[in-house]
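Listed here are the chains, written in short residue letters.
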Amino acid sequence: MGLSFDLLLLVLIIYLLTKISKMEHRIKAMSETINRLTDKVKLPEPAVNKELRQLIKEGKEIEAIRRARQEFGLSLVEGKQYIDQLKAK
């Protein structure tokens, strides 16, 4: 009983990891499409960017990352990348 349960659990884990990987790939592709479209349409910059730039200017980069994550629902890595992009502009 224990071995068959372990095997079933392993198969389930592999299945879920495969599904997650496919979803991550699709999300990345959609994100790239959205970025290309927004570049062409030239949407106005989010209003919060002014606040984020001020935090960066004051040396409060961690607070800026926290605020970007709150505003946009980003992960920690995505928040850091967003702030880095603002600093580069």
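Structure first, text after, so check above.
As the structure is a prediction and not an experimental result, all values here were calculated from the model. (Residues numbered from 1 in each chain as written. Predicted model: local features only at pLDDT ≥ 70, side-chain atom pairs only at ≥ 80, totals over all residues. Heavy atoms only, no water.)

**Q** Got a sec to walk through the pattern of salt bridges? Specific residues and values, please.
**A** As enumerated under the stated definition, the model contains nine salt bridges in all. Among the ionic pairs, E58 bridges to K60, the shortest N-O distance being 3.4 Å. The partner of D84 in a salt bridge is K87, with the nearest N and O atoms 3.9 Å apart. Of this pair, D84 and K87 both sit in helix 4 (residues 76–88), three residues apart, roughly one helical turn. Salt bridges sharing partners connect three or more residues here, namely E61, K80, D84 and K87. (Salt bridge = Lys/Arg side-chain N within 4 Å of Asp/Glu carboxyl O. Helix = DSSP H or I, 4+ residues; strand = E, 2+ residues; numbered from the N terminus.)

**Q** Please set out the layout of surface pockets residue by residue, giving values where relevant.
**A** By volume, the largest pocket is sized at about 1000 Å³. Residue lining of the largest pocket: 20 residues in total, with I34, N35, T38, Y82 and Q85 positioned closest to the centre. Those elements that place two or more of their residues in the lining of the largest pocket are helix 1 (2–41) and helix 4. A per-element tally of the lining of the largest pocket places helix 1 first, with six residues. Class assignment for the residues of the lining of the largest pocket results in nine nonpolar, six polar and five charged. (1 Å grid on protein atoms, 1.4 Å probe; cavity = no way out; pocket = protein on both sides within 12 Å on 5 of 7 lines; lining within 4 Å. Points joined across faces, edges and corners; volume = space filled by probe spheres on them. Nonpolar A, V, L, I, M, F, W, Y, C, P; charged D, E, K, R; others polar.)

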